[in-house]
Amino acid sequence: LVISNKGENVHDVVFDLPEGTAQLPSELHPSDKLQYEIAVPDKLGTYYFHCPVGDHYSRGMVGRIVVR
């Protein structure tokens, strides 16, 4: 997974997985790019991730991973 912060604010990513949450090893500051390995569940389903910084979650900074 490669994540780039092209905005003006600090961000972070938390994955909500069956075995618990997984968080990026560090915050993403503006212009940062981070390569990160994550073990995607092998169980079928939809798994969510979000930015826990400030009000970013309520502003829609969420996503999903679909395992088929």
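Residues numbered from 1 in each chain as written. Predicted model: local features only at pLDDT ≥ 70, side-chain atom pairs only at ≥ 80, totals over all residues. Heavy atoms only, no water.

A. The pairing of strand S3 (residues 20–23), seen in detail. Across four bridges, the pairing between strand S2 (residues 14–17) and S3 is antiparallel. Of the residues in S3, the one forming a bridge with Asp16 is Thr21. In sequence, S2 turns back onto S3 through a hairpin of two residues. (Pairing = 2+ DSSP bridges. Helix = DSSP H or I, 4+ residues; strand = E, 2+ residues; numbered from the N terminus.)

B. Structural context of the environment of Asn9. Relative to the assigned elements, Asn9 resides in the loop between strand S1 (2–4) and S2. What Asn9 contacts, discounting residues up to four positions off in sequence, is Leu28, Pro30 and His56. (Contact = heavy atoms within 4.5 Å.)

C. Just the sheet that holds S3, in detail. Read across the sheet, four strands follow the order S3-S2-S5-S6 without closing on themselves; strand pairing throughout is antiparallel. Each having just a single partner strand, S3 and strand S6 (62–67) make up the two edges of the open sheet. Direction aside, neighbouring strands of the sheet carry axes that sit 25 degrees apart on average. Of the strand pairs in this sheet, strand S5 (residues 45–50) and S6 are connected by six bridges, and their pairing is antiparallel. Counterpart to Phe49 in the pairing with S6 is Gly63. (Axes fitted to C-alpha atoms, helices over the stretch in contact; angles between N-to-C directions.)

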